[in-house]
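# Tertiary structure, described
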Amino acid sequence: VSHAFHSVLMEPMLEEFRRVVEGVSFGPARLAVVSTLSGGVAGAEFDTPEYWVRQVREAVRFADAVDWLAGEGVSTFLEVGPDAALSPMAVRCLDDQACVVPFQRREQDETVTALRALAELFVHGTPVDWTKTLPGAPSRQVPLPTYAFQHERYWLPGPALRGSADGALDAGFWDVVERGDAEELSRVLAVAGDASLGEVVPALASWRRGRRERFEVDGWRYRAVWRPARVGAGAGVGLSGRWLVVIPSGGAEQADVRAVLAALDAAGAEVVPVEVAAGGLDRAELTVQLSELTDHPASVVSLLAVRDEEEVAATAVAAADALVLVQALGDAGIDAPLWCVTRGAVSVGDSDGVVSAGQAGVWGLGRVVALEHPGRWGGLIDLPAPGEIAAAETSAAVSSGAIDVPAVYGQTAERLVAVLAGAFSGEDQVAVRAAGVFVRRVVPAPVRSSSAGVGELSQLVGGTVLVTGGTGGLGAEVARWLAGEGVGRLLLVSRRGVEAPGVAGLVAELAELGCAASVVACDVSDRAALAEVLAGVPAEFPLCGV
């Protein structure tokens, strides 16, 4: 509108508006009308021109009108209009039990919105004549089930901590009390050694609350681990249908790619290799290439990350190619599940390190795609590094003097096919290794705590702890915390070293806490300089924490 209705800005037009309204015929209202001019039921004045002149000029008592209706027991409100303009305001005037439904919404399908509104009114107890609402539709109504609705929890169940919480919380504390260690007790409660009972009791209550909170939060911690799959990859696992296998240009000459293609073919799949220019895919070109494949594939397997180029391991090329492939498959209308195969991208144990940070990025991308496009996602499969495959599977072939590629990679390829064929049902994050097939699991990861809640690091650290940026504000706080936890030696490294402001005071403060601190100037991004600093750590106090 050009002016602010219901304000003084409307006064210049009131007389002209009155003349127009006086030419309109009024009749009595057939439904009760609660007026936003008075905040109550409108009477005979509702049928007069004067009422509408006042409506233009005076304040809108919307909240009063809604409150009056709520006071009369009205709990269901239907907004009839082109958009949901009043519903949000009505909700703010009512309690949580009220039902407020807009009949239409701007830029939304009118029929769908209207039916949704009627359905919402219906489930809140408003009778609806569905025979008139949906003429010609079957009149039979399907009753809701009489049993309670089944709910599925998505939060991971925590460890059974509740039953033993008090004992676990108090055991260390009472151990200190029974030993009569007043100094340790004062440190646990953070009070002076000669504190009065009036100081000890609040400190004790605060300590217990803090411990209980830490114990509670500890039950929320989880970490990812790898477990051996329960179902083995037995012989005879079969595939069917057309399988698109996306490989980098020239990839058909790679031994591992050839092994995968041969294993898929041997399992019964109709293998369709799709060679693309990996290392910077063009989305539009790839979409055209995929669109030319006429028959709908049963599944898609990407071997783009399984490449021989060493530079792939140190770049984001693998993840970028996987992203473009996901987008191009969607553009081409291919909804078949996509499996991304990597090599050395995850670690399943201490002796199995990640050898390709670039391919690890494919796993991060894959988990996002699984959430955003679950219907088009198959999963992630990580193969062992080339050297590990050779060590585990080539000895017999080498000794015979004739190495056959599928035989060399046979066991790994067979396990890969077993995963694709569903031998490990429901698993979409799998690692194939010489020792078998591993699946990713999330398990509770409680933080290790000491008996009295402090001094954890003093039990674990027997040497020197390195703190980078150790003379800055955050680094100094970390150093104080480490010293308070009982760490005996610190190596504080920063660009300015001993010339940083406040270093002398920080070293003295740490000494009072029983911690010997050394301060060294070094740019930690300079690998050679940092190596020289670390080489100077005394042998009797080895570097054991960072």
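This text gives an overview of the structure that appears in the document. (Residues numbered from 1 in each chain as written. Predicted model: local features only at pLDDT ≥ 70, side-chain atom pairs only at ≥ 80, totals over all residues. Heavy atoms only, no water.)

It is worth spelling out unusual backbone geometry at this point. Positive phi, close to 60 degrees, is recorded for His6, a residue that is not glycine. Tracing the chain through its elements places His6 in the segment before α1 (14-21). His6 gets classed as partly exposed once you look at its relative accessible area, which sits at 31%. If you check the backbone angles, Glu107 has positive phi at about 65 degrees while not being a glycine. By the element assignment, Glu107 lies in the loop between β2 (99-102) and α5 (110-123). (Helix = DSSP H or I, 4+ residues; strand = E, 2+ residues; numbered from the N terminus. Buried < 20%, exposed > 50% of the residue type's maximum accessible area, 1.4 Å probe, protein only.)

Because the α-helix completes a turn every 3.6 residues, residues three or four places apart line up on one side. Relative to the 16 Å expected for 12 residues at 1.5 Å per residue, helix α19 (residues 473-484) spans 17 Å between its end C-alpha atoms, a close match to the ideal helical length. Here α19 has its buried residues at Gly475, Ala476, Ala479, Leu482 and Ala483. Each buried residue of α19 lies within a common arc of 120 degrees when the element is viewed along its axis, so the set occupies one face. Facing away from the buried side of α19 by over 90 degrees, the exposed positions are Gly473 and Leu474. A positive backbone phi angle near 100 degrees is found at Gly486, which sits one or two residues after α19. (Expected span 1.5 Å × (residues − 1). Arc of directions from axis to C-beta.)

To continue, consider the packing of aromatic side chains. Applying the stated criterion across every chain yields a total of five aromatic pairs. With centroids separated by 5.6 Å and ring planes inclined at 75 degrees, the aromatic side chains of Phe122 and Trp130 adopt a geometry described as edge-to-face. Assessed through its relative accessible area of 38%, Phe122 is described here as partly exposed. Consider the rings of Trp226 and Trp363, whose centres lie 5.8 Å apart with planes at 70 degrees: the pair is edge-to-face. (Phe/Tyr/Trp six-rings, centres within 6.5 Å; stacked < 30°, edge-to-face > 60°.)

Each pair of packed helices can be described by the angle between their axes along with the distance between the axes. The geometry of α1 relative to helix α2 (residues 49-57) is characterised by a closest axis approach of 9 Å and an angle of 145 degrees between their N-to-C directions. Remark: the crossing between α1 and α2 carries right-handed chirality. Residues Leu14, Phe17, Arg18 and Val21 of α1 form the contact with α2, whose participating residues are Pro49, Glu50, Trp52, Val53, Val56 and Arg57. Looking at side-chain class alone, the contact of α1 with α2 contains seven nonpolar, no polar and three charged residues. (Axes fitted to C-alpha atoms, helices over the stretch in contact; angles between N-to-C directions. Left-handed = near helix turned anticlockwise from the far one by under 90°. Contact = heavy atoms within 4.5 Å. Nonpolar A, V, L, I, M, F, W, Y, C, P; charged D, E, K, R; others polar.)

A separate point is the environment of Gly379. Mapped onto the fold, Gly379 is located in strand β8 (residues 377-383). In the structure, Gly379 is positioned 12 residues away from Arg367 in sequence and 8.5 Å away in space, judged by C-alpha atoms. Residue contacts for Gly379: discarding those within four places in its chain leaves Leu338, Trp339, Cys340 and Asp428.

All we've got here are geometric facts, nothing functional implied.
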